[in-house]
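A closer look at the structure
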Amino acid sequence: MDAYDEDPTGPRAPDGSAGTRLPEETPRHVPPPPRAGVAALSPRYQIGAALALAVVAVAACVHVLMVFLSLAPANTVTKQHGKAIEEWLYPEFEQNWKLFAPNPLQQNIAVQVRAQVRLRDGGVRTTGWTDLSAQDGAAIDGNLVPSHTQQNELRRAWDYFAATHGADNRPVGLRGSLSEQYLRRIVVMRLYRDDPTSREGVIQRVQVRSSTTNVQPPVWSRERVSDKPVYRQMPWWSLTADEAAGGVR
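Let us look at the structure shown here. Quick caveat: nothing in here was measured; it's all calculated off a predicted structure.

**Considering the packing of helix H4 (residues 148-163) against helix H5 (residues 175-194)**
Running from N to C, H4 and H5 point in directions that differ by 150°, and their axes come no closer than 9 Å. By the angle class used here, H4 and H5 are roughly antiparallel. By crossing handedness, the relation of H4 to H5 is classed as left-handed. Here Glu153, Leu154, Ala157, Trp158, Tyr160 and Phe161 of H4 come into contact with H5, specifically with Arg175, Leu178, Ser179, Glu180, Tyr182, Leu183, Ile186, Met189 and Arg190. Its residues placed into classes, the contact of H4 with H5 shows 10 nonpolar, 1 polar and 4 charged.

Take a look at the structure:
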């Protein structure tokens, strides 16, 4: 068979005869897709665009930081750079809402109580001050699953009382008397449970006070605050018959 003979394995004509092999088609060169965006710019303009994006990113970060500092509670940074923060924000970017509501606590508030107890022999004894908040703190410290009562009962009762009483310790509104009764029942129950003197007799009256101590600033801060506790003391409260008889135990 020479070069002009038909290939028996080649393509066939419609009548079954051997067809002629066609030359293979040369693949065409497909150009790459055109570049878009920054990549389509020349190197000089790419550098300019990168610098512009960097400036915008830095300005956005500075603005977010300034807004955050203006809304955050007073701290060392805002005290040292407060004027610069105000010049950046006002009047164009003024905000009238607070980032933290309420502000993080900067004071330790402890609820303390003492009682007048009528003993079995008829005498009356006044107990010393019992720090109920310290007892809750000791129960929570190191406890992986502290109870809701240990964490919140006394604290929320005092917050409720303080919100419904004025600076003169008089109730404000209809909830004032209810908050006083609620707080009184809690402290009486705690005294009957934990105070040895109270368990020896019947509690006649109780007196509650709060001890507020400022949280000290970090060592690197120039701020100085007093570390002496400030007391808010309630008058003596007489107990109702069911409270004095231990009905709230």
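**Some remarks on the packing of aromatic side chains**
Evaluation of the coordinates by the stated rule reveals 2 aromatic pairs. Through pairs of rings, three or more aromatic residues link up here, namely Trp158, Phe161 and Trp237.

**Let's talk about unusual backbone geometry**
Excluding glycine, residues mostly carry a negative phi; peptide bonds, for their part, are mostly trans. If you check the backbone angles, asparagine 169 has positive phi at about 65° while not being a glycine. Following the sequence through the fold, asparagine 169 ends up in the loop between H4 and H5. The class of asparagine 169 is buried, set by a relative accessible area of 18%.

**Thoughts on a nonpolar patch on the surface**
Together, Val58, Val62, Trp88 and Phe93 make up a nonpolar patch on the protein surface, roughly 330 Å² of accessible area in all. One can find phenylalanine 93 in the loop between helix H2 (76-89) and strand E1 (107-119).

**Points about helix H3 (residues 132-140)**
Here H3 starts with a cap whose side-chain oxygen sits 3.2 Å from the backbone nitrogen of serine 133, and that cap is aspartate 131. Glycine 142, located one to two residues past H3, shows a positive phi value of around 80°.

**Remarks on the pattern of salt bridges**
This structure, assessed with the given rule, holds 11 salt bridges. Across the pair arginine 184 and glutamate 180 runs a salt bridge, and its minimum N-O distance is 3.8 Å. Residue arginine 184 and its partner glutamate 180 are located together in helix H5, separated by 4 residues, close to a single helical turn. Residue class for arginine 184 comes out buried when judged on its relative accessible area of 9%. Taking the shortest distance from any N to any O, the salt bridge between arginine 190 and aspartate 194 comes out at 3.9 Å. Here arginine 190 and its partner aspartate 194 are both found in helix H5, 4 residues apart, which amounts to about one turn of the helix. Each of Glu180, Arg184, Arg185, Asp242 and Glu243 takes part in one network of salt bridges that share partners.

What counts, and where the lines are drawn
Counting restarts for each chain, with residues numbered from 1 along the sequence as it is written. With the structure being a predicted model, the display of local features is reserved for residues of pLDDT at least 70 and the display and counting of side-chain atom pairs for 80 or more, all residues being used for whole-chain, interface and lining totals. Only heavy atoms go into the side-chain values, all of them from the structure, while hydrogens and water stay out. Note on geometry: axes are lines fitted to C-alpha atoms, helical ones only across the stretch in contact, with angles between N-to-C directions running from 0 to 180 degrees. Secondary structure elements follow DSSP: runs of H or I of four or more residues count as helices, runs of E of two or more count as strands, with numbering from the N terminus. Convention used here: angles under 35 degrees read as roughly parallel, angles over 145 as roughly antiparallel, angles from 65 to 115 as roughly perpendicular, and any remaining angle as oblique. If you view the pair so one helix is near and one far, a crossing is left-handed when the near helix is turned anticlockwise from the far one by less than a right angle, and right-handed when it is turned clockwise. Here a residue-residue contact requires only that any non-hydrogen atoms of the pair lie within 4.5 Å. Note that Gly is not counted as nonpolar here; it falls among the polar residues with everything else outside the nonpolar set of Ala, Val, Leu, Ile, Met, Phe, Trp, Tyr, Cys and Pro and the charged set of Asp, Glu, Lys and Arg. For Phe, Tyr and Trp, rings pair up if their centres lie within 6.5 Å, where Trp contributes its six-membered ring, and each pair is then called stacked (planes under 30 degrees apart), edge-to-face (over 60) or tilted (otherwise). Relative accessibility thresholds used throughout: buried, under 20% of the residue-type maximum; exposed, over 50%; partly exposed, between the two (1.4 Å probe, protein chains only). Patches were defined on residues exceeding 30% relative accessible area and lacking a salt bridge, with like-charge contacts within 9 Å and nonpolar side-chain contacts (Val, Leu, Ile, Met, Phe, Trp, Tyr) within 5 Å. The method behind every accessible area is Shrake-Rupley, applied with a 1.4 Å probe, and residues are considered shielded solely by the protein chains displayed. We define a salt bridge as a side-chain nitrogen of Lys or Arg found within 4 Å of a carboxyl oxygen belonging to Asp or Glu. A 3.5 Å cut-off defines polar contacts: any pair of N or O atoms within that distance qualifies, except that in protein one atom must be a possible hydrogen donor and the other a possible acceptor, and neighbouring residues in sequence count only when both atoms are side-chain atoms.

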